[in-house]
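Notes for the structure review
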Amino acid sequence: MCLTFRIWPTDFFVDTRLLGFFLVASVPLQASAEELTRESLSKSELEKLLTGNSLAGNGKVKQPAEPYDWISHYGADGTIRLELKPEWGGLISKGRWWLTDEGWQCRKFETGHGKEGCWRFVREGDYVRFLPVSGVAVEGRAVVLEGDRIGYLQK
């Protein structure tokens, strides 16, 4: 599983303990024109993919594998929880997530950084790529894990 972030238009590293889900790696992720025009998952596809499941990432570009740096769980009741690995403070942020009619996944944390952002998702083999479409959002890749995996990083 692979995850690299960019805060548009400049790539830089930010202390992840302060930003929760805005885990910003110093290695840029360059999306090709083909990737940017690839068809996004629909609202119904995203709902099936995310509801009750978790996304996990590790910041690596070419070798996506455990150990994960973060895991987020998308509750069926619209809650989202984000867990960071212990070396990053083990922070768990809580908030709300929802899907728009355009097929964007949006979220706003009530704890942690509290910023709102929205993404469109595309499939990339075994991974999903999330591309920012509004708010304070970063680009990256993640693997989908079945069920609620919050607490997994603390083991």
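Structural data are supplied above this passage.
Residues numbered from 1 in each chain as written. Predicted model: local features only at pLDDT ≥ 70, side-chain atom pairs only at ≥ 80, totals over all residues. Heavy atoms only, no water.

One pass over the structure, following the stated rule, counts five salt bridges. Between Glu 124 and Arg 129 there is a salt bridge whose closest N-O contact spans 2.9 Å. The same class applies to Glu 124 and to Arg 129, which are both buried. Among the ionic pairs, Arg 141 bridges to Glu 124, the shortest N-O distance being 2.4 Å. Pair noted here: Arg 141 is in strand β8 (residues 140-145) and Glu 124 is in strand β6 (residues 116-124), with a separation of 17 residues, a long-range link. Overall, Glu 124 belongs to the buried group, its relative accessible area being 13%. Through salt bridges with shared partners, one network takes in Glu 124, Arg 129 and Arg 141. (Salt bridge = Lys/Arg side-chain N within 4 Å of Asp/Glu carboxyl O. Buried < 20%, exposed > 50% of the residue type's maximum accessible area, 1.4 Å probe, protein only. Helix = DSSP H or I, 4+ residues; strand = E, 2+ residues; numbered from the N terminus.)

Right, let's get into the packing of aromatic side chains. Taken as a whole and assessed by the stated rule, the structure comprises four aromatic pairs. Look at Tyr 68 and Tyr 152: their rings are 6.4 Å apart centre to centre, the planes differ by 45°, and that puts the pair in the tilted class. One end of the pair, Tyr 68, is in the loop between β1 (54-57) and β2 (70-74); the other, Tyr 152, is in the segment after β8, and 84 residues separate them in sequence. When the ring of Tyr 74 is compared with that of Trp 97, the centres are 5.1 Å apart and the planes differ by 85°; the resulting orientation is edge-to-face. Placement of the pair is Tyr 74 in strand β2 and Trp 97 in strand β4 (residues 92-99), with a sequence separation of 23 residues. Here Tyr 74 matches Trp 97 in class, with each residue buried. Here the aromatic residues Trp 119, Phe 121 and Phe 130 are joined through ring pairs into a cluster of three or more. (Phe/Tyr/Trp six-rings, centres within 6.5 Å; stacked < 30°, edge-to-face > 60°.)

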